[in-house]
Amino acid sequence: MSENSTFPWKPMGDQVLLKLADKQEKTKSGIIVMTGMDDFVNAQVIVTGDGLFTQTGDRIPVTLKSGDTVFIHAANIGDQKKIKLDGEDYVLVRESEIAVYNMQ
């Protein structure tokens, strides 16, 4: 479960609001990113929903929290997932659509 007291919007269920990172042409270690290597996109978790309920009423909480860095496959962030809130562009996806997240 995630709380971001300064952000006025909260996703429902297992949805996660992401802010896509600016595309980088070079990694921190100096590796040049080739064009066409856009399968995964880096994003930051802004806020998450509380999770889903099972048929027996048990809550399955969302694993991610505000501030986490994630990678999501580009196919999971089409135009139908883009949302504009308070003049800022975000992407709203289900937690299961996120490929990996940084645990550090």
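Above this note sits the structure.
Described below are features of the structure shown in this document. Not measured: the values here are computed from a predicted model.

### Here we look at the sheet that holds strand β8 (residues 98-101)
So, step 1. The strand order across the open sheet formed by six strands is β6-β7-β1-β2-β5-β8, and the pairing between neighbours is antiparallel. At either end of the open sheet lies a strand with only one pairing partner, and these are β6 (82-85) and β8. Averaged over all pairs of adjacent strands, the angle between their axes in this sheet comes to 45°, without regard to strand direction.
So, step 2. Across five bridges, strand β2 (residues 40-48) lies against strand β5 (residues 69-73) in antiparallel orientation. Paired with alanine 43 across the strands is valine 70, a residue of β5.

### As for the nonpolar core
So, step 1. In terms of nonpolar packing, the biggest core is built from 13 residues, with Val16, Leu18, Leu64, Val70, Ile72, Val93 and Ile98 touching the most fellow members.
So, step 2. Only β1 (15-20), β2, β5 and β7 (88-94) provide two or more residues apiece to this core.
So, step 3. In terms of residue count, β2 provides more of this core than any other element does, three residues in total.
So, step 4. Setting aside anything within four residues of it in sequence, one finds valine 93 in contact with Asp14, Gln15, Val16, Leu18, Ile72, Asn76, Ile77, Lys81 and Ile98.
So, step 5. Core analysis: the second largest hydrophobic core is formed by six residues, Phe7, Ile46, Leu85 and Tyr90 among them.

### Section: the pattern of salt bridges
So, step 1. Taken as a whole and assessed by the stated rule, the structure comprises seven salt bridges.
So, step 2. For aspartate 50, the salt bridge is made with lysine 10, and the minimal N-O distance between the two is 3.2 Å. Taken as a pair, aspartate 50 in the loop between β2 and β3 (52-53) and lysine 10 in the segment before β1 lie far apart in primary sequence, 40 residues in all.
So, step 3. Residue lysine 10 is classed as partly exposed on the basis of its relative accessible area of 41%.

### Quick look at the side chain of glutamate 95
So, step 1. Residue position: glutamate 95 is located in the loop between β7 and β8.
So, step 2. Setting aside residues no more than four positions away along its own chain, glutamate 95 makes contact with Asp14, Val16, Pro61, Val62, Thr63 and Leu64.

Reading guide: rules and limits
- Residues numbered from 1 in each chain as written.
- Predicted model: local features only at pLDDT ≥ 70, side-chain atom pairs only at ≥ 80, totals over all residues.
- Heavy atoms only, no water.
- Pairing = 2+ DSSP bridges.
- Helix = DSSP H or I, 4+ residues; strand = E, 2+ residues; numbered from the N terminus.
- Axes fitted to C-alpha atoms, helices over the stretch in contact; angles between N-to-C directions.
- Core = buried A, V, L, I, M, F, W, Y, C linked by side-chain atoms within 4.5 Å.
- Buried < 20%, exposed > 50% of the residue type's maximum accessible area, 1.4 Å probe, protein only.
- Contact = heavy atoms within 4.5 Å.
- Salt bridge = Lys/Arg side-chain N within 4 Å of Asp/Glu carboxyl O.

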